[in-house]
Amino acid sequence: RAAAEEAARLAAAEAARQSAEAMQRAQTMLAEGQAEAARVNLAIRLERLSQTELRELCGCVRVPKTGNKAALRERIAERACAEGAAGVQRTVAQLSRLVEAF
């Protein structure tokens, strides 16, 4: 009987471990999906800006203001993504404030 109880306890512990691992994987996938959605949102919003607005945003995120619109968008996105999800969110917030100001 003791052996059966020990086997049941071990099986329950293993099931709990596997469940925790699955939950961690799901949370990681969700975070990655949210980060990707934020990057796509940033890219779409950058597409809509004029060259003047892009240069102003470059000043806000501290990247060079020279080049054509594509180069400016690329630099802004690279800087934001290099800082992770928080960087992307911060850049989108700066972009929103900039658009409101124009």
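The following paragraphs examine the structure supplied in this document. The shown structure was predicted, so the numbers you read here are calculated from the model rather than taken from an experiment.

## Points about the overall build of the chain
In step 1: Looking only at helices and strands, one finds 4 helices and 0 strands in the chain.
In step 2: Going residue by residue from the N terminus, the α and β elements of the chain occur as α-α-α-α.
In step 3: Taking 2.2 N^0.38 as the reference for a compact globule, 102 residues should give roughly 13 Å; the C-alpha atoms of the chain span a radius of gyration of 23 Å, well beyond that estimate.
In step 4: Put simply, the chain has 102 residues, and 22% of those count as buried.
In step 5: A gap of 6 Å separates the mean positions of the 16 positive and 13 negative side-chain charges of the chain.

## Re the nonpolar core
In step 1: Core analysis: the biggest nonpolar cluster contains 16 residues, and Leu42, Leu46, Leu57 and Ile76 have the highest contact counts within it.
In step 2: Where this core is concerned, the elements lending two or more residues are helix H1 (2–47), helix H2 (51–61), helix H3 (69–82) and helix H4 (84–101).
In step 3: Dropping the residues within four chain positions of it, leucine 42 is found in contact with Ala77, Ala80, Val88, Thr91, Val92 and Leu95.

## Observations concerning the packing of H1 against H3
In step 1: The contact between H1 and H3 brings their axes to 10 Å, and the two run at 155°. With respect to H3, the axis of H1 lies roughly antiparallel. The element H1 and its partner H3 pack so that their crossing is right-handed. Mapping the contact onto sequence places Arg39, Leu42, Leu46 and Glu47 in H1 and Arg73, Ile76, Ala77, Ala80 and Cys81 in H3.

## Let's talk about H4
Note: α-helices contain 3.6 residues per turn, so residues at a spacing of three or four share the same orientation.
In step 1: Over its 18 residues, H4 runs 26 Å from end to end, which matches the ideal 26 Å to within 8%, given 1.5 Å per residue.
In step 2: Taken together, the buried positions of H4 are Gly87, Val88, Thr91, Val92, Gln94, Leu95 and Leu98. Angular distribution of buried residues about the axis of H4 spans 165°; they occupy a single face of the element. Turned more than 90 degrees away from the buried face of H4, the exposed residues are Gln89, Arg97 and Glu100.
In step 3: On its buried side, H4 packs onto H1, H2 and H3.

## Brief notes about the pattern of salt bridges
In step 1: Under the defined criterion, the tally for this structure stands at 8 salt bridges.
In step 2: For arginine 17, the salt bridge identified is with glutamate 21, shortest N-O distance 2.3 Å. Placement of the pair is arginine 17 and glutamate 21 together in helix H1, with a separation of 4 residues, close to one helical turn.
In step 3: You can call arginine 17 partly exposed: its relative accessible area is 37%.
In step 4: Among the ionic pairs, arginine 79 bridges to glutamate 83, the shortest N-O distance being 3.1 Å.
In step 5: Residue classification places glutamate 83 among the partly exposed positions, given a relative accessible area of 38%.
In step 6: Residues joined in a network through salt bridges with shared partners are Glu14, Arg17 and Glu21.

Thresholds applied
- Residues numbered from 1 in each chain as written.
- Predicted model: local features only at pLDDT ≥ 70, side-chain atom pairs only at ≥ 80, totals over all residues.
- Heavy atoms only, no water.
- Helix = DSSP H or I, 4+ residues; strand = E, 2+ residues; numbered from the N terminus.
- Rg over C-alpha atoms; globule rule 2.2 N^0.38 Å.
- Buried < 20%, exposed > 50% of the residue type's maximum accessible area, 1.4 Å probe, protein only.
- Lys, Arg positive; Asp, Glu negative; His and termini not counted.
- Charge placed at Lys NZ, Arg CZ, Asp CG, Glu CD.
- Core = buried A, V, L, I, M, F, W, Y, C linked by side-chain atoms within 4.5 Å.
- Contact = heavy atoms within 4.5 Å.
- Axes fitted to C-alpha atoms, helices over the stretch in contact; angles between N-to-C directions.
- Parallel < 35°, antiparallel > 145°, perpendicular 65-115°, else oblique.
- Left-handed = near helix turned anticlockwise from the far one by under 90°.
- Expected span 1.5 Å × (residues − 1).
- Arc of directions from axis to C-beta.
- Salt bridge = Lys/Arg side-chain N within 4 Å of Asp/Glu carboxyl O.

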